[in-house]
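Below, each chain spelled out in residue letters.
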Amino acid sequence: MLFDKSAQLKKVIIFGTGSASQKFVKRLKKTHQVIYYLDNNSAKHGQKLNGVFIYPPDKIKSFPNIPVIIASDFFDEIYSQLKKNENFVNTNIIYFRSHQTDKLLTEKISLFINDKVKDLICNIPTFLIPIFQKLLNLNSHSLLRLSSLDEQHQHKVLTLRPALKVTSVGPNILEGRHTRLGVTIPPVGLYQFLNCQISTLSRAFKVDDKNIVVEKIHTISDKVTKYKKGHLIHHFQDKLALVRNNQKNVIPKGILINGFYDSNYYHWVVEILPQLQYLQELPKTYNDFPILMSEMSQKYGSIKELISLFNIEREIIFLPSVSDYVVENLLIISSPNRCCPRIVGSAWSNADYTYCRPESILYIRDLVLNKCNDSNKEFPKRIFLTPSMKHRKYNQDDVFERLKKFGFIKVNPEQMSILEQATVFNNADIIVGPTGATWTNIIFAKHGANALCWMAEEWGDFSSFSNIADLVGVNLNYITYAAGVDDHVGLFSQEYVIDQNAVEKWLQQITDK
């Protein structure tokens with residue numbers, strides 16, 4: 001052949017052969033050539049997928065300089081496995097959701113049309129619901145009226161905490177803005193529903209054949225918020241919701257402890273597990289109710305460890321995230337701390353899109369720090385956070401070269417237990433690193449510590465970590481950079497270069513004081 005198109009393509013190796021992998025590889029065809037697949041399943045070794053051989057991980061020895069893309073949402077476990085293998089020490093390992101790919105034109109058109117059709121369906125007058133239900137043959141789905149959990153007064157058993165006025169604190173951007181907005185946090189309530197359909201991946205609850213209630217972020221307009229997760233397939237603002245039906249998995253009773261995400265450290269520590277604080281305050285009539293929780297909590301060592309610190313005496317039933325359930329007698333504790341799950345269009349956040357109860361944050365802080373007993377051990381005073389760059393790659397090595405001059409030590413909290421993370425943060429005088437879930441540990445930082453975080457300017461006044469820093473008395477500053485994209489998916493995966501001079505300038509100001 002005079003022209004070999006494959007010679008123009010970037011070579012990659014794909015780890016994983018499941019449905020997510022196959023869908024991802026379709027998008028790579030124009031720019032990449034998959035030379036082979038890796039998989040832990042020995043039954044697949046030697047077989048072909050899309051004409052490409054599947055091999056065991058050690059096959060990487062044949063192509064040590066070719067990047068490996070992990071096409072699975074169990075990135076952390078697989079990444080840890082591969083990095084323990086000496087053959088992968090120098091291999092560039094990439095998370096598939098962080099790898100920019102262009103959707104196929106047909107896929108873009110299909111997604112756009114599908115979304116708009118669902119918007120139209122979910123915006124019909126309620127009296128037309130029975131007609132559309134039959135017309136569209138929605139046997140496995142229902143069109144339901146959508147309302148807020150905080151407004152379900154007829155189902156409220158108990159008010160555990162009253163509404164509270166707080167201040168949501170935006171990022172303190174160097175030589176820039178520092179927004180502070182007053183917020184009234186809704187009461188923490190105990191709610192009871194009978195024959196209620198749930199999903200461990202959703203704070204939306206199908207309470208009967210006509211209604212679904214959602215735990216909303218009341219500081220954000222319904223026009224820009226999306227709560228579609230788990231069994232909530234789609235909704236149009238605060239009108240109607242398209243919900244998947246499931247009557248197969250029935251649980252007699254339980255207390256649901258969950259959130260909109262079950263694979264993120266921040267959401268577990270700040271939004272989900274703080275619900276457990278109120279278990280001891282529930283009426284005795286519910287003493288035999290087990291806890292219902294996502295099984296993902298047991299797949300992350302630090303989360304599993306944190307749950308153990310609560311010393312829960314109730315039975316805990318760990319549920320797979322892929323299924324929905326009907327609970328005949330369900331208790332729900334509304335979340336004391338909330339963060340918007342998804343914004344429509346631009347990812348720009350206002351400071352009040354996230355809010356926290358000081359009591360709740362300090363409860364988690366004390367729960368963990370009171371178990372830390374390494375007072376006689378030396379810990380670094382200046383730490384550089386270096387979690388696995390599965391989402392946003394940047395010039396980390398260059399930044400560390402500057403930080404070394406100031407006595408910084410690299411720290412990867414993802415490889416630590418919860419008590420180790422808390423101890424390291426609590427002993428640090430200065431903390432530096434890129435935005436990400438690892439900053440959740442600022443909950444445990446000492447009062448008066450200085451910290452520097454950087455994030456894309458397109459995130460706006462994203463306040464998840466600045467809120468916590470303000471509550472525990474940490475001086476957290478921000479440097480921003482222009483990512484060039486403004487949507488959630490793009491911001492999670494866009495590579496960038498941070499200004500090393502800005503980092504060093506901040507350090508000189510801090511250390512010269």
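Residues numbered from 1 in each chain as written. Predicted model: local features only at pLDDT ≥ 70, side-chain atom pairs only at ≥ 80, totals over all residues. Heavy atoms only, no water.

**Focus on the pairing of strand S14 (residues 211-214)**
As a reminder of what qualifies: In this scheme, a residue with accessible area under 20% of its type's maximum is buried, one over 50% is exposed, and one in between is partly exposed, where area comes from a 1.4 Å probe on protein chains only. Secondary structure counts use DSSP, requiring at least four H or I residues in a row for a helix and at least two E residues in a row for a strand, with both numbered from the N terminus. When DSSP finds two or more bridges between a pair of strands, those strands are recorded as paired.
Along S14, one buried face is formed by Asn211 and Val213 and the opposite face, lined by Ile212 and Val214, is buried too. Where strand S7 (residues 141-148) meets S14, four bridges bridge the pair, whose relative direction is parallel. Bridge pairing in S14 places serine 148 opposite valine 214. Both strand S13 (residues 204-206) and S14 contribute to a ladder of three bridges, which runs antiparallel.

**Side note on the environment of aspartate 288**
We count it as follows: Should any heavy atoms of two residues lie within 4.5 Å, those residues are counted as being in contact. For this analysis, a polar contact is any N or O atom pair within 3.5 Å, provided that within protein one partner can donate a hydrogen and the other can accept it, and provided that sequence-adjacent residues contribute only side-chain to side-chain pairs.
Looking at where aspartate 288 falls in the secondary structure, it is placed in the loop between helix H5 (265-272) and strand S18 (291-294). Setting aside residues no more than four positions away along its own chain, aspartate 288 makes contact with Lys253 and Arg314. In terms of polar contacts, aspartate 288 uses its side chain to reach the side chain of lysine 253, at 2.5 Å.

**Digging into the pairing of strand S16 (residues 240-244)**
Put simply, side chains in a regular strand alternate between the two faces of the sheet. With respect to burial, S16 is a largely interior element, four of its five residues being buried. As paired elements, strand S15 (residues 232-235) and S16 share three bridges and run antiparallel to each other. Residue pairing across strands places histidine 234 opposite leucine 242, the latter belonging to S16. In textbook terms, the turn of a hairpin is the stretch between consecutive antiparallel strands, and for S15 and S16 this stretch comprises four residues, one of which, glutamine 237, has a positive phi near 50 degrees.

**Examining the state of the cysteines**
Rules: Sulfur atoms of two cysteines make up a disulfide when they are within 2.5 Å.
A full pass over the atoms with the stated rule returns zero disulfides. With no disulfide of its own, cysteine 453 has cysteine 339 as its nearest cysteine by sulfur position, at a separation of 14 Å. Assessed through its relative accessible area of 0%, cysteine 453 is described here as buried.

**Considerations on the sheet that holds strand S27 (residues 475-481)**
This is how the line gets drawn: Simply put, an axis is a line fit to the C-alpha atoms, just over the touching stretch for a helix, and the angle between two N-to-C directions goes from 0 to 180 degrees.
The sheet built from six strands is open, its strands ordered S10-S27-S26-S25-S23-S24 with parallel pairing. For this open sheet the edge positions go to strand S10 (172-173) and strand S24 (409-411), each flanked by a neighbour on one side alone. Two strands pair when backbone bridges link them, and strand S23 (residues 382-385) and S24 are joined in this way by three bridges, in the parallel orientation. Bridge pairing in S24 links phenylalanine 384 to lysine 410. Running over the sheet, helix H8 (residues 396-404) touches S23, S24, strand S25 (430-434) and strand S26 (450-456) and is turned about 175 degrees from S23.

**What to know about the packing of H8 against helix H12 (residues 500-511)**
Condition: For classification purposes, angles smaller than 35 degrees are called roughly parallel, those larger than 145 roughly antiparallel, those between 65 and 115 roughly perpendicular, and all remaining angles oblique. For any pair of crossing helices, the crossing counts as left-handed if the nearer helix is rotated counterclockwise from the farther one by less than a right angle, and right-handed if it is rotated clockwise. Nonpolar residues are Ala, Val, Leu, Ile, Met, Phe, Trp, Tyr, Cys and Pro. Charged residues are Asp, Glu, Lys and Arg, and all others, Gly as well, are polar.
Contact pair H8 / H12: the axes reach a minimum separation of 10 Å and the direction vectors enclose 25 degrees. Between H8 and H12, the angle is such that the two are roughly parallel. As for how H8 packs across H12, the hand of that crossing is right-handed. Along the contact surface, H8 presents Asp398, Val399, Arg402 and Leu403, while H12 presents Gln500, Asn501, Val503, Glu504 and Leu507. For the contact of H8 with H12, the class distribution of residues is four nonpolar, two polar and three charged.

**With respect to the sheet that holds strand S3 (residues 48-49)**
Judged by pairing direction, the sheet is mixed, and its six strands sit side by side in the order S3-S4-S2-S1-S5-S6 without closing on themselves. Whereas interior strands pair on both sides, the edge strands pair on one side only; in this sheet they are S3 and strand S6 (93-95). Sheet analysis places S3 next to strand S4 (residues 52-55), joined by two bridges and oriented antiparallel. Considered in S4, the bridge of leucine 49 is made with valine 52. Lying on the sheet, helix H2 (residues 75-83) is in contact with strand S1 (10-15), strand S5 (68-70) and S6; it crosses S6 at an angle near 175 degrees.

Read these as geometric descriptors, not functional statements.
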